[in-house]
Structures are given as C-alpha cells and as structure tokens.
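# Results of the structural survey
These are the residues of each chain, in order.
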Amino acid sequence: MTILILLAVVLGVMVLVRLMNIVQLSTQVSGYEETEDDQIRENNWAALGLMVFMIVGLGLTVLMIYVYGSHLLPVSASEHGVSLDKLLNVNWFIIGFVFFATQIVLFYFAHKYRHTKGKKAYFYPMNHKLEIIWTVIPTIVLSILIITGLREWHKILMADKKDAINVQVYGYQFAWITRYSGNDNVLGKSNYKLITDDNPLGLDTSDPAMKDDVYTTGNEMHIPLGKEINFQFNARDVIHSAYFPHFRAQMNLVPGMNTFFSFKPTITTEEMRKITKNEKFDYILLCNKICGVAHYTMAMKVVVDTPEDFKKWVRKQKKAKEIPTTPSMAEEGNINKDVTATL
Amino acid sequence: MEVKNTVTAEHVHHVDHHDDEHHHESFWTKYIFSQDHKMIAKQYLTLAIVMAFIGMFMSIIFRLQLGFPDTKFGFLESVLGKWGKGGKLDPGFYLALVTIHGTIMVFFVLTAGLSGTFSNLLIPFQVGARDMASGFLNMLSFWFFFLSSVVMLWSVFIETGPAAGGWTVYPPLSALPQAMPGSGFGMTLWLLSMAFFIVQSLMGGINYIVTVLNLRTKGMAMSRLPLTIWAFLITAILGLLTFPVLLAAVLLLVFDRSFGTSFYLSDIFIGGVPLPQTGGSPILYEHLFWFLGHPEVYIVLLPALGLTSEIISTMSRKPIFGYKAMVGSLCAIAFLSCIVWGHHMFVTGMNPFLGTVFTITTLMVAIPSAVKVFNYLATLWRANIQFSPAMCFAIGLVSLFISGGLTGIILGDSALDINVHDTYFVVAHFHVVMGAVATFGMLAGVYHWFPRMFGRMMNKTLGYVHFWFTIISVYGVFFPMHFVGLAGVPRRYYANSAYEGFDYFLSVNQLITVFAIIGGIAQFIFLFNFIYSAFKGKKATQNPWNSTTIEWTSPVGPGIHGNWAGPTPTVYRWPYDYSKPGAEKDFIPQTVPFSETKSSNLPGEE
Ligand code: HEM
Ligand SMILES: [Cu+2]
Ligand SMILES: [Cu+2]
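Everything numeric here is computed off the predicted structure, so don't read it as measured data.

## Quick look at the overall build of chain A
Within chain A, the secondary structure is distributed over 6 helices and 11 strands. The proportion of buried residues among the 343 residues of chain A is 48%. In chain A, 72% of the contacts between residues at least 6 apart in sequence involve partners at least 24 apart. For chain A, the accessible surface area stands at approximately 17,100 Å², while carbon and sulfur atoms represent 63% of it.

What follows is the structure in structure tokens.
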C-alpha cells in the first residue's frame, strides 16, 4: 500500500511540474491574446465537463448505494429501532429525490445555458409566485418530516416506561461496568467518593436497595430478550457516550448527572448470527464521545439472551453486598443527588 | 460612460507617485503594520492560506492512519519525532492532530480567511468607502489573528502536545490534565489562542458593521448593496452576538482548570482520587459552546454564499434571481442559526422536550436554505454562462450545498440523530456543507477578485485543472464517508479495531485517503498559480469580468490610498443590471444614471 501512495504522490508531482512548464511557456509567448473562439471553446469544455461530472457522479452514487448499502447495519435489534429505520428510509427517499432532481437541474442548466456566440441572457430578476411556491413546498414537506420525527422521539425518550428493568451502565477511562438492580428493580445509591479498587462503582452498601444489586467484572454485558430495559448512565471521570448501533440507541454519560435511555431488544445474539449469516457476529457497545487517548478501545460486547439464560448469567455476576463495607456517607448528604438535566 | 469615475493608467501612476512622496511610506507601514484595507485583506488571505496548508497536511497524516492502520510510514518518525515512533502515529497525537486540524480549518481558515479577506477587501470597495471605519482597529484585528495563529502553532510543538479533546474541547476532558496529555499546557495555549481569536473577530466585526452602515457612498442605499455586502454585514452581526458567548465559555473553563471553580465539574473520580468539585455541569459548557458553535457554521457559510451570489450573477450575465428573497433568506438563516444550537446535544441527556424545540427550529433553517438554492437555479435558467474558474467553483459550491444541506435533515431530526450522532456521517455532513462549501466560496472569491487584489489575472488553465482535481477529490473523500457513518463507525477513533463489524469499511477508508492525498496535492497547483500570478500574471484590465459593481471603477493594479483618486463614485442603481433589454451592452454599471439609459429603463426608473 505504501508503494501505491508513493506512486500517487510521484505521479501527482510529475503532473504538477509538467503543468507549470506549460504555463511558463504559454505566458512567455508574448503578445498572444485569447480570441473569442478560444474562449468559447474553453467554455464548451467546462460545460461539458460539468455535465459528464454530474452523470458519472450520480451513477457512482447509485453504485455506492448498491455496494455499500448491503454492508450497513443489519436489521434493528430493538423495537423502537424498527420504526426508526422506517422513518429513516422515508427521509432518504425524499432526500434522494430532491438530491437527484436539483443536481440534475443545476448541471443541466449550467451546460445548456453556457455562453455561445450571440447568446443573450434573459433579464429575469424576480417572480413572486415562484418564490412563494418554493417557500411553501419545502415548508410542507419539512413539517411532515418534523411531525413524523418528533412522534418517534416522544415514543423513545418521553414516554413513561413502566415495567422496565433498571440497569446501570457505568463508564470510565476506558471500560464499562454494568449493574443490575435485582429483584427490587431499584439501583442502590452510589457516591463517587466511595470508589476504591474493591468498589469500582462507589456503591453505598448501607443502602437496603443495594443488597440484591450485581455488577459485571468482565468486558461483557447481557440483556434479556423482549424486556424493556431502562438504562441509567453514569460516568466516573469524563463524558462518554454509550452507543449501541444495532439497537439504534445512544446516550451520553455525564459526570454528576444521571441520564437515561430505554429500549427493548427483540433479537437474540444467536438469531442475529443467523440473520447476518455470520457465525461470529456480536452486538457491541461503543464509547462514542472522545474521552481520552484510548477512546477507540472503549468497547464492550453486548449479548442478548433468552430471559432464562439471562437469569443464569446474572447469578454469576459479582454481588454488591460482597463489597467490603466502607463507612457510610449518607450523613454527608451528598449521595446520589438526582442532578437531572433541565438546562 | 462607465469611464467617468475611473482613472487612466497614467493618472494612477501620477497619484501613486505623489502619494508615496507625501506619506513617505516605509516597508513597515506599507506591508506590515498597514492600515489599508486592501493590504490587510491580503495579509489575512496569506496567513489563511498558510494555515490551510498546515491543516490539510495534518488531515493527510491522520487519514494515512485511518486508511492504512497496519502500515508503517518511515517518514512519520522523521517528521513527528516521538509522536511517530517506528513509523506509527501515536494515538494521543492522532487526537491532537484531529483537534488542531478542526480548529485551524474552522476558525483560522474559514472564519478569518473568508471574512477577514473578503470583508476587508470588498466592503470599502463595494460600498464606495475610502477605507474601513477604523484603519487602526483593522490593523490590530489582523495582528491579533497573527498572534492567535502563532500561539496555536506553538502549542503543537510543546512537550505534552497540543489540545486533543476535539475542536469542541468539552470539559471535564479538557479541564483535567489528568484525563489526557493534551489537556495540559497544550489546552492552556488553545484557550489563549482562542481568546485572541475572539478579540480579532470582534474588532473586525465592529469595523465591518460600522463601515457598511455609515460609510456608503452617495446613492448606495441599502437596497442597492451587492449581496456580498449583505452577507458580510449579517455575518459580522452574527459574530458579534455569538463570539462573546464563546469567550465566556472559554473563561469559565480557564477558571475550572486553574482556579478550582466548578462551573463544569461535578462528582469526578480520576487518577485514583475523587475531586472536590461538585455542582457544576458539563452540559452548561456544551450549551455555551454551541451557542457560538452553530452560528459559527453560518459565519463561514454566509460569506461564501454572498461571494457566490455575486459571481453567479456576473458570470451568468443575468440579475440574481430574487434579490429581496436572497437578502431575506440570509437574515432568516442568521436569525434561526442562533436558536438551533441544541441539535448538537440531542443525546447529551438534555431534557428531551428541548430536543423537540430544537428539531423544529433546525428543520426550519432548511427553508431559507432551499430558497437560496432554488434562486441560484433560477438565476442559471436562460443565462449566458461564462465558465471562469471562479464560476466553476461557484457551481461546485451550489452542488455541494445541496448535497451537504440534505443530510442535515437527518441530523436535525432528533429521533434520527440518535443513531448517527458522532459517527462519520456527521463528519461527512459538516465537511461537505461547511468545509467544502466555504472552501469553494473562498477559492471562487480568490479567482474572481484576484485582479482587484493584485492587478493581475490568475492563469485560467491552471484554474480549471485545480477545479477539476478539487471537486473530484472533495466528493471522493466525503461522499463515501457517509456510508462509513451509516454503518455506525464512530468519529475521533484512532483505529476501528474494537469491532470486527467495521472491517469491511477499511477498504472504503483507503479509497478516501487516496482521494484526500490527490486533493491535497492539487492545492499546490493553486498555490503555484497564486504566487506566480501575483508577480508575473497577465496584467488585468479595468473591469475584467464586465461587472456592474463599483470596485472595478477604482484604478487597476493593487489600488491606491483612498481607493478613488477623485471623489468616490456615485451610485444610481442596483448592482444586477445584467443583460437588461434595450441596453447597449450586457451590463450597466451602478455608476450609470438612469438618464443615460433611456432605452433600457423599466417603468418607474426615471
Ligand atoms: C483536505 C481536506 C480534509 C480532509 C481529508 C479532512 C478530513 C478529516 C477527518 C478524517 C477528520 C476526523 C474526523 C473524526 O475523527 O472525527 C476531520 C475532522 C475535522 N475537520 Fe477535516 N478534513 C479536511 C478539510 C477540512 C476543512 C476544509 C474543514 C473546515 C470546516 C475541516 C473541519 C474539520 C473539523 C471541524 C473536524 C472535527 C475535528 C474534531 O473532531 O474535533 N476539515 N477532518
Ligand atoms: Cu469513553
Ligand atoms: Cu449546528
């Protein structure tokens, strides 16, 4: 590959040097003035070039959609993701139409109305009716897109999700920990001042809600199929972002704040392996907010299990109540302040 | 008739000579500490071009890493020293390069380079003023820009490396030196440099606004201003309203870094210890940053659109379609751009209801933008187009503006943004709609007004070659990048090794890198043409593009003090009387009164 690059560089430089020679020569031929014919010839070439550029460009666009399109994300593995993908496709359809139409018109006009001998432009400074038409039509189309988009947004982030399982996703430079709330479905309180090697989440073991909490120690999280999961995100040090591309889900982790996102997984890892025809397929959780030098390594495998397998797996995780007890900090009154964002 | 207000070449010489004797201009006052808007414009342009090449060089280095993550490039070690040990780019330095590349391109090249160059050059020329309202402030503004550039470049050479938290420098990452090496002294320099930059931008902005509002020549009503001037005016107002907010954000960050305050910090455990700060919010910084950050996009975009409007109209030999709608849409875009910043924060944990509001305002920006595109298309309809290199770039700009604007519809939709936020889709989008459009506007402007700056023409053939290489490589780099993003590949990643699912896109990344290199090399064609033509180019004629605006009535050549030897020209009409039926020629300069064009006057024009 280095050779290829070198080749490209050398070729480029050679072309450049050659061009410079030509310029120098042509400006040295003193007294030579471009004639009108020369100009028109140049103009024709430029216009033709633009036309060819448009045709080839749009052709390549179609080709890229065809070739790359099949390597994008597989079918959404979450419930809301399916309707989000539909919405995305509607948007793409409209965008694609406008893209093709306007680019074709632009380059077609550029070619068709190029200067030729004796041509005169048409003095046409304004037309109110046209202005109104092309203000109103985009307004209508955009209104439809806004309304359909916001409907999804409300369903995803503003609806009341009862019966959801509470799970904490905790990020720090450069790894993840997941905590499950256990039978009471309440995440016990935590405090960043309690963090030690034995207590990486800073859990307050004196909180009764803590006794059934468990958290992961390996670089893997499991979630059960078909259950709405309400993620609470917390960061230890800097902002991170929990990005689950296959579930069409993302939320930032902000120090000092609880943030939330919930989704319902609908396809197990096993099933997705069949759908993608890829034995080794795995879901992934990626950090998607620059968080330091090793940001690009901050990833965790996500496994969607059947609820039974999930239960078995959870039992094997580390129990919060096994954390060596630390002095309770509850008195200090700075525990788990619900600093929810209202800014 | 249009010679009325122009001066013959001999006369110019005489005046020039006379002037020289009078002022005893030394090299220093003429070229370095100049207060002449024409010289300051050239200073801005020169420094911006230097910065652009540095920014481009950085992008090529990190593109090599993205395209060929497993290849060792021996030259990296000799160029970067410890950051390129063994021919491998250091991951921390990768982020530093991305950060400084972004900062340089957005602020130093496209903000200072566009407004600084063309507002300075064209505002006095096109409104018929002898110079900027305050030449001294104008000079200071350039030197603050220079200082700011020097500090930014200095930061690249320090021990711990430059700022590396991304051009948005979100705290806590940027506030805590423990978080990454780039958040040490490099970050301090970044903040210092930005503070200087904001100062230069405010000084420049005030000058532009005052000059446009107060120093217009006789007859130059606001409704007769060329669209370039409208764009510069609105840009300057926008900058004046939003840059101070960035300064506030930067200052608070300085306090958090150095004086133990907690504006942005709360509940942080890092480096094995809990920090004392509580009660701050990183989200506050994001709000403050994007309150400038989004309008900033339009601060680089609007001047480019202004230049393009002028070039498209002139080279189409046709009035710009819908002058009033163009001014109106400029104002609407500028206004809306101040209330959409939250679309950068849909998934930050901001209250989802705010997301709703920002989605609505954001998608509303698409309306005036669409109007602009349709007006450009209508201007081209039944035109008589002369493809100068400037016009080629202007057409390319419209094409890129369409491509980049449309993907904004996806990103502006809060629900759809969830899955593409911070992926390469965003990188592709903003490079097309901001980076490429503004760059094309700038290049078009340089080709078009080069004769006004240097009194010489740029070489046309080289111009065409430059254009073709540039547009092909811009699309070659950024079009495939959309697909990389749609596949879920995050931005600001040193390598995509964390997930096998991304392996397929390595080949796409290679393709992108190859185009980036081709595009980068092509810019040397421009550089050569620029330098060569400035000294040896063909001498320009008085009005090389047969333009109506009054900058072409000032003496040919680099220009004289005060711009016009006699009184400043009087203006009688709007700037777009191209191909008016009944007129002798296909353009009527703004300086020609209606009484002399009886045959072409429309009803109402006496
Ligand atoms: C030579 C042409 C260019 C190439 C190949 C290029 C490529 C790139 C790439 C690959 C990134 C890294 C994206 C990421 O990891 O997040 C980037 C970042 C960026 N570029 Fe460029 N770019 C070019 C020109 C420009 C121009 C003209 C602008 C002006 C707007 C620009 C503005 C930015 C910004 C703002 C960032 C974001 C930096 C950050 O993430 O903090 N680039 N560029
Ligand atoms: Cu992270
Ligand atoms: Cu924005």
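On we go.
## What to know about the site of ligand 1
Residue and element names in this part refer to chain B. Ligand 1 sits among 24 residues. The nearest are H101, W167, H431, R491 and R492. For ligand 1, a nitrogen atom lies 2.7 Å from a polar atom in the side chain of H431. Take R492: an N or O atom from its main chain is 2.7 Å from an oxygen atom of ligand 1. The residue inventory of the shell around ligand 1, partitioned by class, reads 14 nonpolar, 7 polar and 3 charged.

## Quick look at the interface of chain B and chain A
Counting from both sides, the interface comprises 139 residues of chain B and, opposite them, 117 residues of chain A. In total, chain B and chain A occlude about 11,300 Å² of area from one another, counting both sides; carbon and sulfur atoms represent 73% of this. The largest share of the area that chain B buries against chain A comes from F269, I418 and Y499 of chain B, three residues that together contribute 6% of it. Our count for the chain B to chain A interface comes out at 2 salt bridges. Here E42 of chain A makes a salt bridge to K460 of chain B, at a shortest N to O gap of 2.8 Å. Scanning the region where chain B abuts chain A turns up 28 residue pairs in polar contact (both at pLDDT 80 or more). A per-element tally of the side of chain B that touches chain A places helix α11 (residues 352–380) of chain B first, with 17 residues.

## Overview of the pairing of strand β10 (residues 299–305) of chain A
All names here are of chain A. Taking burial as the measure, the 7 residues of β10 include 6 buried ones, the bulk of the element. Strand direction decides the pairing type here: strand β4 (residues 220–224) and β10, joined by 5 bridges, are parallel. Considered in β10, the bridge of M221 is made with V302. Alignment of strand β9 (residues 283–287) against β10, held across 4 bridges, turns out to be antiparallel.

## A few points about the packing of aromatic side chains
Here the structure, examined in full by the defined rule, presents 80 aromatic pairs over all chains. Taking 5.9 Å as the distance between ring centres and 85° as the angle between the ring planes, the aromatic pair formed by Y122 of chain A and W381 of chain B counts as edge-to-face. With Y122 of chain A in the loop between α3 (79–112) and α4 (128–158) and W381 of chain B in the loop between α11 and α12 (389–412), this residue pair bridges two chains. The class of Y122 of chain A is partly exposed, set by a relative accessible area of 33%. Classification of W381 of chain B as partly exposed rests on a relative accessible area of 29%.

## Considerations on the sheet that holds strand β2 (residues 175–180) of chain A
All names here are of chain A. Spatial strand order, β8-β5-β1-β2-β3-β11: 6 strands in an open sheet with mixed pairing. Every other strand in the sheet has two partners, leaving β8 (259–263) and β11 (318–319) as the edge strands with one partner each. Taken together, the 6 bridges between strand β1 (residues 165–172) and β2 define a ladder with antiparallel strand orientation. Residue pairing for β2: Y172 is matched across the bridge by A175.

## Re the coordination of the copper ion (ligand 3)
Residues and elements named next belong to chain B. Donor atoms from the polypeptide that coordinate the copper ion (ligand 3) comprise H294 (ND1), H343 (NE2) and H344 (NE2), at 1.6 to 2.0 Å from the metal. One chain supplies every donor for the copper ion (ligand 3), spaced along it as H-x48-H-H. Placement of the pair is H294 in helix α9 (residues 282–316) and H343 in the loop between α10 (323–337) and α11, with a sequence separation of 49 residues. Here the two residues H294 and H343 agree in accessibility, since each one is buried.

## Points about the coordination of the copper ion (ligand 2)
All names here are of chain A. Within the first shell, the copper ion (ligand 2) binds the protein through H240 (ND1), C287 (SG), C291 (SG) and M298 (SD), at distances of 2.1 to 2.5 Å. Geometry at the copper ion (ligand 2) is tetrahedral, judged from its 4 donor atoms and the angles of 91 to 122° they form at the metal. Spacing between the donor residues of the copper ion (ligand 2) along their common chain follows H-x46-C-x3-C-x6-M. Of this pair, C287 sits in strand β9 while M298 sits in the loop between β9 and β10, and the two are 11 residues apart along the sequence. For C287, a relative accessible area of 0% corresponds to the buried category. Classification of M298 as buried rests on a relative accessible area of 0%.

## Brief notes about the packing of helix α3 (residues 37–67) of chain B against helix α14 (residues 424–454) of chain B
Residues and elements named next belong to chain B. Contact geometry for α3 and α14: axes closest at 13 Å, N-to-C directions at 145°. Once α3 is placed against α14, the crossing between them reads as left-handed. The residues of α14 that touch α3, namely those facing K42, L45, A48 and L66, are Y424, M442, V446, M453 and F454. Class assignment for the residues of the contact of α3 with α14 results in 8 nonpolar, no polar and 1 charged.

## Overview of the sheet that holds β10 of chain A
Residues and elements named next belong to chain A. Ordered in space as β4-β10-β9-β6-β7, the 5 strands form an open sheet in which the pairing is mixed. Of all strands in the sheet, those bounded by a partner on one side alone are β4 and β7 (249–253). Neighbour-to-neighbour, the strand axes of the sheet open up by a mean angle of 25°, direction not taken into account. In terms of strand pairing, strand β6 (residues 240–244) meets β7 through 5 bridges, oriented antiparallel. Its bridge partner being in β7, A242 is matched across the sheet by M251. Each of β4 and β10 is contacted by helix α6 (residues 307–315), which is oriented at about 140° to β4, the strand it contacts most.

The rules behind the values
- Each chain carries its own residue numbering, running from 1 in the direction its sequence is written.
- Chain letters start at A and ligand numbers start at 1, both assigned in the order the entries are written.
- Side-chain atom pairs in this predicted model are given and counted only at pLDDT of 80 or more, local residue features only at pLDDT of at least 70, and totals for whole chains, interfaces and linings cover all residues.
- Where side-chain values are given, they derive from all heavy atoms of the structure, hydrogens and water being excluded.
- By the criteria applied, helices consist of DSSP H or I runs no shorter than four residues and strands consist of E runs no shorter than two, each listed in order from the N terminus.
- Each residue is placed in one exposure class: buried if its accessible area under a 1.4 Å probe, protein chains only, is under 20% of its type's maximum, exposed if it is over 50%, and partly exposed if it falls in between.
- In what follows, residue pairs with any heavy atoms lying within 4.5 Å of each other are defined as contacts.
- The protein chains shown are the only cover counted for residues, whose accessible areas, like all others here, come from Shrake-Rupley with a 1.4 Å probe.
- Proximity is defined per residue: any heavy atom of the residue falling within 4 Å of a molecule or strand makes that residue near it.
- What qualifies as a polar contact is a pair of N or O atoms within 3.5 Å, subject to a donor-acceptor requirement within protein and to the restriction that residues adjacent in sequence count only when both atoms come from side chains.
- Ten residue types, Ala, Val, Leu, Ile, Met, Phe, Trp, Tyr, Cys and Pro, are classed as nonpolar, four, Asp, Glu, Lys and Arg, as charged, and the remainder, Gly among them, as polar.
- Accessible-area loss on putting two parts together, using a 1.4 Å probe and summing over both, is the definition of buried area adopted here.
- Note on definitions: salt bridges are taken to be side-chain nitrogens of Lys or Arg within 4 Å of carboxyl oxygens of Asp or Glu.
- A strand pair is defined by DSSP finding two or more bridges across the two strands.
- Any two of the Phe, Tyr and Trp rings considered here, Trp counted by its six-membered ring, make a pair once their centres fall within 6.5 Å; the pair's planes then place it as stacked at under 30 degrees, edge-to-face at over 60, or tilted in between.
- Note that water is not among the atoms used; donors are N, O and S atoms within 2.8 Å of the metal (3.2 Å for Na, K and Ca), so sites may look incomplete.
- The rule is simple: four donors are tetrahedral if all their angles sit between 85 and 135 degrees, four are square planar and six octahedral if opposite donors span more than 155 degrees and the others lie between 65 and 115, and anything that fits none of that is irregular.
- An axis is simply a line fitted to the C-alpha atoms; with a helix, the fit covers only the stretch in contact. Between two such axes, the angle follows the N-to-C directions and lies from 0 to 180 degrees.
- Helix crossings are classified by the rotation of the near helix relative to the far one: an anticlockwise turn of less than a right angle makes the crossing left-handed, while a clockwise turn makes it right-handed.

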